[in-house]
Amino acid sequence: MTSQDASQRAKFTIPKTAYGLIAILVLLVVASVTTPSFARVDNIFVVIRAASLTGIVAIGMSYITISGNLFALSASALGALLAVLFALLTAAFGFAAGLVLTLGLAVFCGLAQSLAISLIGNPIITTLAFGTVFRGLAALFSGNSILRIESEAALWLGTARPLGIPTQSWAFIIAALLSWFVIRHFKIGREIVLCGANPKAAVASGLRVGLVTAIACAALSIGVAIMAIMTVSQFSQAKADLFMGYDFDYIAAVLVGGIALRGGKGTPLQAALGAVLIALLQNFMLLHGLSAGVRMTIVGLLVIASISLFHILQGRGR
Amino acid sequence: MTSETKSNLARLGLMIAVYLILAARIPSYYSQPGIAALLDSAVLAGIIAIGVGLTMIAGEMDLSVGSMAAFAGILSIQLFPYGMVPALVIVVLFCGLLGALQGYCIYKLNISSMVFTIGTLIALRGLTLVVSNEKTVLIPFENIAETDFLSAKFFVFSIPSATLLVLVLLVDFFSRRTLWGREIFAIGGGRGEARAAGVSIRRPIIVAFSISAALAGLAGALLSFRTGSASPLGFEAVLLEAVTACLIGGIALAGGRGSILGVLIGLFTIRFLVSGIAALGAPFWMQSLATGALLIFVIIAEAAIGYVTRRRRMARALTA
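A brief structural summary. Just so it is clear, the structure is predicted and the values come from calculations on it, not from any experiment. (Residues numbered from 1 in each chain as written. Chains lettered and ligands numbered in written order. Predicted model: local features only at pLDDT ≥ 70, side-chain atom pairs only at ≥ 80, totals over all residues.)

**Some words on the overall build of chain A**
Per the secondary structure count, chain A includes 13 helices and 2 strands. Against the globule reference of 20 Å for 318 residues, chain A gives a C-alpha radius of gyration of 19 Å, in line with a compact fold. Taken along its principal axes, the extent of the C-alpha atoms in chain A is 55 × 50 × 35 Å. Looking at the 318 residues of chain A, the share that counts as buried comes to 52%. Here the contacts in chain A between residues at least 6 apart in sequence split such that 81% fall between residues at least 24 apart. (Helix = DSSP H or I, 4+ residues; strand = E, 2+ residues; numbered from the N terminus. Rg over C-alpha atoms; globule rule 2.2 N^0.38 Å. Buried ≥ 20, exposed ≤ 12 C-beta atoms within 10 Å, placed from the backbone. Contact = placed C-beta atoms within 7 Å.)

**Details of unusual backbone geometry**
Within the chain, Phe243(A) stands out as a residue other than glycine whose phi angle is a positive 60°. If you trace the backbone, Phe243(A) turns up in the loop between β2 (237-238) and α11 (247-256). With 24 C-beta atoms counted inside 10 Å, the residue Phe243(A) sits in the buried group. Residues other than glycine seldom take positive phi values, yet Phe235(B) does so here, at roughly 65°. Looking at the secondary structure, you find Phe235(B) in the loop between β4 (229-230) and α11 (238-248).

**Focus: the interface of chain B and chain A**
Opposite the 33 residues of chain B that make contact, chain A presents 34 residues. Broken down by secondary-structure element, the contributors of at least two residues to the side of chain B that touches chain A are α6 (113-131), α11 and α13 (284-319) of chain B. The greatest single-element share of the side of chain B that touches chain A, amounting to 13 residues, is contributed by α6(B). Looking at the side of chain B that touches chain A, its residues break down into 23 nonpolar, 8 polar and 2 charged. (Nonpolar A, V, L, I, M, F, W, Y, C, P; charged D, E, K, R; others polar.)

What follows is the structure, given as structure tokens:
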């Protein structure tokens, strides 16, 4: 990075993160003034939990976007598959083994996808196909029925509040800080950013592009696995149609956070802020009794607006 | 024999092989009603695949077709009281207009179309839910017989499946023999070169996305008329099938190569497989699993073949 680039980046990233924070604050104030049920303690916990789980996946998704691979459309289906597998493995081998095996399988699914993406070169179509395969496998393994688990440890993981904060939010905060640190201060993190910034130059200068894609896909898969495990633990059950349609929320979080679609810019923290914003907005709309259709339209328009806005702000072609 | 003819023959061979393998187990595959049912089952994904194929040839991709079809389905049933033909015309024109607007935005913003159409995919689905009040919309019971002619069979063709075949021929002619169609190929094959040669980027992008949206609207409206109902959550899986049909049919992911006739080959490869799996008694989710697995197989195989030929060509160039 030259100094000119650095100053340009400083000009853009700092306000962008601030925009996210300002938007969250405005939404918080508006919501608590106009909606009496919003600021109640139990509702706040609902929002925090929802934001945390979406946020963990959005952080993983931001790795894919920053590495220049746009999005994965398979996150929600992978979540369902991992939830089913976690429930089955926990029932068979106990909680700890289930946890480890699920994370291992998640990384395996991520690597399989990254291999296909490297071969094919189109992440969206690849993950669209993998998504249906994951969803189908989830139905196959679960026999299309609801799987229940009984585990004290899992219940603690799903519902406990150490220091008054839900475990999901601890995981979210740790994941956000950790992934920010990896992107900023690890060699592989820098490589992810550089591969996204200019794939051709990255290949020419001997960066490990394949490895970068693999790490990005594995990061998303681990995020998805954490979400799946937390959700199954919280409700003590898993089924094949879990998380249906959540993909848009993750993508919306990344886009609203203002991570450059062309890759090479942005940090996972922006995705985390975007996720909080989307979760707040969803909760706010829900409390106002807006129907699913209206909520979806608003999120969709928000996505289109933020893509276009940030695209114009950056003043770059594709 | 050029390499393109060779690859088209290979695709045709794959389709025939899939047909023969399944026909050996399923007697209905070579009966007249069985073939008619296969043709009918291909209408939805087929009509949509033509449009998606055009956008892929232009080096872009329209991911919003499923939501567009659902939107058109709801709209067409709600406009049904004004007559079926006017409803169909209005819906197709309106969807075409939406598509043109989408194409214009993609051109103007110079943004990745896959990203932009994901946004419109979400927004259109939401709009569909709003317009339909989140309920399945039905044709009034006393009018339900009026749409029966759409299911009538002439030999093996019904009106929808004949529409599909005519559209394939029409769009194939359009894309290969007209200026506007050639422009779509040009900007997909090499955008920089096309621009340097004086091809406008705006027109082909708008045309491709407009046709894609209009055809998605047509497919949604036809299917909704035939069943007499439309669900705001319908047509979600059709995108995958349409894209798979295009890729098996030889349309390159990078754009600029392939043909609409090829899409028909890809389409029937999937239909033979998926209908066959259903006929053998597999549960419904097995069908989308099969489509997804087929897509992964085809694109990986194609990437591997491309890699090997490139290596061979390079080796030959070095030794020569």
